[in-house]
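A structural walkthrough
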Amino acid sequence: MARRMSDWLIRLGAAGLVVMMLVIGWQVFGRFVLDSSPSWTEQASLLLMIWYVMFAAAAGVNEGFHIRISLLEDRLGARARPLRRIVAAVVALMGLVFVIYGTQLCWGVRANAIPSLGVSRALAYLPLPISGLLMIWFALQRMWSGVADGSDIGESDIGAGDVPGPEVQA
Amino acid sequence: MELLVLFGGLFLLLALGVPVGFALLGASLACFAVIGIPPVVAVQRVAAGISVFTLMAIPFFIFAGDLMYRAGIAERLVRVADAAVGRVRGGLGLVDVGASMMFGAVSGSAIASASAIGSTMVPLMKEKGYPGDFAVNVTVTAAIVGLLIPPSHNMIIYSAASGMGVSIGDLFVAGIIPGLLTGFMLMGTTWAVARKRDLPRGIFPGWGAFLRALIYAIPGLFTAVIIMGGILSGIFTATESSAIAVIYTILIGVLVYRSLGWTAFWEAAQKSVRTAAMVLFIIATATAFGFALALLEVPTQLAALIGFITDNPIFTLLIINVMLLALGTFMDMAPLIVITTPIFLPVAIGVGVDPVHFGIIMMLNLGIGLVTPPVGSVLFVGSAVGQVPLSALIRTIWPFYLTLVAALMLITYIPSLSLGLVGYFAS
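Focus: the overall build of chain B
When you go through chain B residue by residue, the secondary structure sums to 21 helices and zero strands. On the principal axes, the C-alpha backbone points of chain B span a range of 70 × 45 × 45 Å. Residues classed as buried in chain B amount to 63% of the 427 residues present. With the model as given, the accessible surface of chain B reaches about 14,400 Å², and the carbon-plus-sulfur share is 69%. When the 17 basic and 15 acidic side-chain charges of chain B are each reduced to a single mean position, those positions are 15 Å apart.

Laid out in C-alpha cells, this is it:
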C-alpha cells in the first residue's frame, strides 16, 4: 500500500517535471515566436515545482533516498533496529510539524491571491501539510517494521537518487 | 545556549542517522523553541526556501544530465577524449579527466558526471588492466571539475544564497579558467601516478578517427553553446537555458543519435525528480537553519572573531578555506552553500574579495568535500558505479586530494584566474 502510493507520488512528480519543462519551453517560444511573453508561466512552474518536490520528498521517506549518515547504524549491524525506530520517529515528528503549521500557513493566506495567476496563495503552502501527512504515514510504517530502508548512505551503497545506471539502483 | 541547541541538535540528529534535510529542520525547531519563536516561522522559511525562481534551473540541469547519459552523449565524449589523449601512459585516466571536463560543460551536476562518465570509463579501464581504485579515484576527482566548468547548478544555489544578486552569468564565466586549470592539473597527477604504477598506454587512432569522434560528439557538445551563449547574450535566463538544454537533449537523443526511447525518457524523469527533490528539500530546510543562525547573529559574531584574529585578506581566506574544508567532509554541498554563504561572504567582501571570485572558491572547496569521507556523495557514487570499496579508494586517493587543494590555493590567491574572463564578457 505504502509502496504503491510512493510509486504514484514519483510518477506524479516526474509528470510535474515534464510539464514544467513544457511551460518554460512555452515561455521561450512565446517570447521569440509569438512576440508576447506569457505572464503566468514563471509563477505556474514555480508552484508546480513546490508541489512535485514536496510529493517526491515524501516518497523519499518511503524509498529511503534522502541522504543521511549511516555510520552508527552500520556499526550496530543487527542491533540497529531501535535506532532505526528513533530515526523514523524524528521523521514522523517533522511530518507532524508540516501538517500543523503548514495548515496554519494555508489558512493565514487563504484570502491572498498569487499575482498573474489569480489563485489563492494557500495553493503554494498546501503541499506542505499534504506531504507532511504522507511523511508521517511512511515513517510510521517504517517504525512499525523497523527495517532498514532500501538505500542508506554507507560503505556499500548510495542514495538511489544519485546514479542513473540501473545496475547500482537499489 | 541557543547556539548549543542548534549545533548540538544537528550533530546528534545527523549522528543518529536522521536524513540531512530532516535533521536541519529538527535542529532549527529545537533552537526556535529555546528562543521562544513559534514553529510556524520555521515552516514558513522552508516554504520560502524552495519558492525561488532561479532554483527552478536545478531540476532541469539534473534532468538534462541524466538524459545525456541515457542518450549516449557521455560515451561519445569519451571517444573524443580517447582519440585525443589515449596514447600517453595511463592514457585512459587522462581520457577520463578530459571526458569529465567536456561532460561538465554540458551538464550542471558533479554527481551526474561521476555516474555518467564513471559507468563508461571504469569498466573500460578495468578491462584494459587498470586497477579499480585508480579508475574510480580519477573519475570522482575529475567530476569535481564539472562544478567549476559552466553550467553548474551549485553556482545557482550560491547566487540565490548570496542574497545580493550575484550574477549567474558572471559566475558561469568565472568558472571556465579555474575549471580548465584544475582539470589540467588533475591530468598531470593522473599521468604521474600512472607512470609510478606502470599503467598501460593506448594507441593513437590517427587524426581521421579523432575528427570522426569529434563530429559525432558535436551535437552533444553544442548544448554548452546553447546554455552559455543564451545566458551571456541575455537571450535566456538561467532557468530558461536549463529547460532548453533538456528539450535540446531530448531532440538530439531522439532525432540525431536515435538512442533515446520513451522508456528511457520516463525513467530519466522519475530518477531526476527523486534527485531534485532530495537536493531541493535540503535547500529548503537549510534555509530555516540559516534563519536560526542569523537570529543568533552567528554571521556577525564570526565576522568579528575572524576580524579580531586577522585583517589580512590572505589569512582570512585561509581561515575560511580551512573551515569550509572541515565542514565539507561531513556535510553535503547544497546545504553548506545555503548555510555558509551568508556567514562567510560578508567577511570575504570585508577584506576586499569579489563575490564572484568567492563563489568560485566555494565551488571548488565544497566540491573537495564531495569526495572526502565520511560524507562524500560523489565518492559514494564512484564507489558504487566502480564496485570498489571505499577503504581501497581512500588508500590511494591522496595525490588527487593534494592536487585539488593545490588548485584551490591557486584559485583563492590569484583572483584574475576567476575574474579575468568576467571583465572581458562584462555586459
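Anyway, onward from the coordinates.
Quick word on the overall build of chain A
From N to C terminus, chain A includes six helices and zero strands. Reading the helices (α) and strands (β) of chain A from amino to carboxyl end gives α-α-α-α-α-α. For chain A, long-range pairs separated by at least 24 residues make up 69% of all intrachain contacts whose partners lie at least 6 apart in sequence. As displayed, chain A offers around 7,800 Å² of accessible surface, 66% of which is attributable to carbon and sulfur atoms.

Details of the packing of aromatic side chains
With the rule as written, the count across this model stands at 19 aromatic pairs over all chains. Plain terms: the ring middles of Trp137(A) and Phe138(A) are 5.3 Å apart, the flat faces sit at 20 degrees to each other, and that makes the pair stacked. Cluster of aromatic residues (ring-pair linked, three or more members): Phe7(B), Phe11(B), Phe289(B) and Phe330(B). Stacked on the ring of Trp8(A), the Lys or Arg Arg11(A) has its end atom at 4.7 Å from the ring centre. Of note, Arg45(B) hangs over the ring of Phe291(B), and the distance from its end group to the ring centre comes to 5.0 Å.

A short note on the interface of chain B and chain A
Between chain B and chain A, the residue contacts involve 69 residues of the former and 63 residues of the latter. Summed over the shared surface of chain B and chain A, the result is two salt bridges. The salt bridge partner of Glu240(B) is Arg31(A), with a shortest N-O separation of 2.8 Å. Taken together, the connections running from chain B to chain A amount to six residue pairs in polar contact (both at pLDDT 80 or more). Of the residues that constitute the side of chain B that touches chain A, the class distribution is 49 nonpolar, 14 polar and six charged.

Topic: a nonpolar patch on the surface
On the surface, a cluster of nonpolar side chains totalling about 670 Å² of accessible area is made up of Trp26(A), Phe29(A), Phe32(A), Val33(A), Leu34(A), Trp40(A) and Ile235(B). Looking at the element boundaries, Val33(A) is found in the loop between helix H1 (2–32) and helix H2 (41–63).

Side note on the packing of helix H6 (residues 91–106) of chain B against helix H8 (residues 132–148) of chain B
All names here are of chain B. At a closest axis distance of 8 Å, the pairing of H6 and H8 adopts a crossing angle of 25 degrees. By the criterion of interaxial angle, the relationship of H6 to H8 is roughly parallel. By crossing handedness, the relation of H6 to H8 is classed as right-handed. Residues Gly93, Asp96, Val97, Ser100, Met101 and Gly104 of H6 lie in contact with H8, whose contacting residues are Phe134, Ala135, Val138, Thr139, Ala142, Ala143, Val145 and Gly146.

Overview of the pattern of salt bridges
Scanning the entire structure with this criterion turns up ten salt bridges over all chains. Across the pair Asp66(B) and Arg70(B) runs a salt bridge, and its minimum N-O distance is 2.6 Å. Within this pair, Asp66(B) and its partner Arg70(B) are both found in helix H4 (residues 57–70), separated by four residues, close to a single helical turn. A relative accessible area of 5% places Asp66(B) in the buried class. One continuous salt-bridge network, built from bridges that share partners, spans Arg68(A), Glu73(A) and Arg84(A).

Points about H6(B)
Think of an α-helix as 3.6 residues a turn; residues three or four steps apart then line up on the same face. Spanning 16 residues, H6(B) covers 23 Å between terminal C-alpha atoms, matching the ideal 22 Å at 1.5 Å per step. With 16 of its 16 residues buried, H6(B) lies for the most part within the structure.

Description of the environment of Thr139(B)
All names here are of chain B. Tracing the backbone through its elements, the reader meets Thr139 in helix H8. For Thr139, a relative accessible area of 2% gives the class buried. Once residues lying within four places of it in the same chain are set aside, the contact partners of Thr139 are Asp96, Ala114, Gly118 and Val122. Looking at Thr139, its side chain comes within polar contact range of the main-chain oxygen of Ala135, at 2.7 Å.

A closer look at the confidence of the model for chain A
Residue and element names in this part refer to chain A. When the pLDDT values of chain A are averaged, the result is 83; 85% of them are 70 or greater. Within chain A, the lowest mean pLDDT, 83, falls on helix H3 (residues 71–76), and the highest, 95, falls on H2. Across residues 149–170 the pLDDT falls below 50, and counting only partners more than four positions away or on other chains, this stretch makes 67 contacts in the model.

Some details on the packing of H6(B) against helix H7 (residues 110–127) of chain B
Residue and element names in this part refer to chain B. Viewed as axis vectors pointing N to C, H6 and H7 meet at an angle of 160 degrees, and their least axial separation amounts to 10 Å. Classed by the angle they form, the pair H6 and H7 counts as roughly antiparallel. Regarding H6 and H7, the two cross each other, and that crossing is right-handed. Residues Leu92, Gly93, Val95, Asp96, Ala99, Ser100 and Phe103 of H6 lie in contact with H7, whose contacting residues are Ala112, Ser113, Ala116, Ile117, Met121, Leu124 and Met125. Here the residues of the contact of H6 with H7 sort into ten nonpolar, three polar and one charged.

Some details on the confidence of the model for chain B
Should pLDDT be low for a region, the predicted coordinates there are not to be read in detail. Residues and elements named next belong to chain B. On average, residues of chain B score 91 in pLDDT, and 100% of them are at 70 or above. Helix H14 (residues 298–309) is the least confidently modelled element of chain B, averaging 86 in pLDDT, while helix H20 (residues 398–413) averages 97, the highest of any element. Predicted complex metrics record ipTM = 0.87 and pTM = 0.88.

Things to note about the environment of Leu211(B)
Note that Leu211(B) resides in helix H11 (residues 207–232). Residues Leu211(B) and Ala23(B) lie 188 residues apart in sequence; the distance between their C-alpha atoms is 51 Å.

Structural notes on unusual backbone geometry
Following Pro150(B), the chain continues into Pro151(B) via a peptide bond in cis, with omega recorded as -5 degrees. With respect to the helices and strands, the residue Pro151(B) is situated in the loop between H8 and helix H9 (153–162). The phi dihedral of Ser116(A) is positive, around 75 degrees, even though this residue is not glycine. By the element assignment, Ser116(A) lies in the loop between helix H4 (81–108) and helix H5 (122–125). Residues other than glycine seldom take positive phi values, yet Asp198(B) does so here, at roughly 55 degrees.

Section: the environment of Ser113(B)
Residues and elements named next belong to chain B. Within the element layout of this structure, Ser113 appears in helix H7. Ser113 sits 245 residues away from Phe358 along the chain, and the two C-alpha atoms are 24 Å apart. In this structure, Ser113 is in contact with Ser100, Phe103, Gly118 and Ala143, ignoring residues within four places of it in sequence.

The rules behind the values
For every chain, the first residue of the written sequence is number 1, and numbering continues from 1 along that sequence. Numbering of ligands from 1 and lettering of chains from A proceed in the order in which they are written. The predicted origin of the model limits local features to residues at a pLDDT of at least 70 and limits the giving and counting of side-chain atom pairs to 80 or more, whereas totals for whole chains, interfaces and linings rest on all residues. Water and hydrogen atoms were dropped before computing side-chain values, which therefore reflect all heavy atoms in the structure. For the purposes of this entry, the term helix denotes a DSSP run of H or I that reaches at least four residues, the term strand denotes a run of E that reaches at least two, and both are numbered from the N terminus. Under the scheme applied here, a residue whose accessible area is under 20% of the maximum for its type counts as buried, over 50% as exposed, and between as partly exposed, the area being computed with a 1.4 Å probe on protein chains only. All accessible-area figures derive from a Shrake-Rupley calculation using a 1.4 Å probe, and residue coverage is judged against the displayed protein chains alone. All tallies of charge rest on Lys and Arg as positive and Asp and Glu as negative; His and the ends of each chain are not included. A single reference atom marks each charge: NZ on Lys, CZ on Arg, CG on Asp, CD on Glu. Here, two residues are considered to be in contact whenever any of their heavy atoms come within 4.5 Å of each other. Only the six-membered ring of Trp is used, alongside the rings of Phe and Tyr, when aromatic pairs are assigned; centres must lie within 6.5 Å, and planes under 30 degrees apart are stacked while those over 60 apart are edge-to-face, with the rest tilted. Counted as over-ring charges are cases with an Arg CZ or a Lys NZ within 6 Å of the ring centre that also lie within 35 degrees of the ring normal. The working definition used for a salt bridge is a side-chain nitrogen of Lys or Arg within 4 Å of a carboxyl oxygen of Asp or Glu. Here a polar contact is taken to be a pair of N or O atoms separated by no more than 3.5 Å, where protein atoms must pair a possible hydrogen donor with a possible acceptor and residues adjacent in sequence count only if both atoms sit in side chains. Put simply, Ala, Val, Leu, Ile, Met, Phe, Trp, Tyr, Cys and Pro go in the nonpolar bin, Asp, Glu, Lys and Arg in the charged bin, and everything else, Gly too, in the polar bin. Patch membership requires more than 30% relative accessible area and the absence of a salt bridge. Residues of like charge join within 9 Å; the nonpolar side chains Val, Leu, Ile, Met, Phe, Trp and Tyr join within 5 Å. Helix axes are fitted to C-alpha atoms over the stretch in contact, other axes to C-alpha atoms as well, and angles between N-to-C directions run from 0 to 180 degrees. Working definition: roughly parallel below 35 degrees, roughly antiparallel above 145 degrees, roughly perpendicular at 65 to 115 degrees, and oblique for all remaining angles. Should the near helix be turned counterclockwise from the far one by less than a right angle, the crossing is left-handed, whereas a clockwise turn marks it as right-handed. Here the expected span of a helix is defined as 1.5 Å times the quantity of residues minus one. pLDDT measures how confident the predictor is about each residue, on a scale from 0 to 100.

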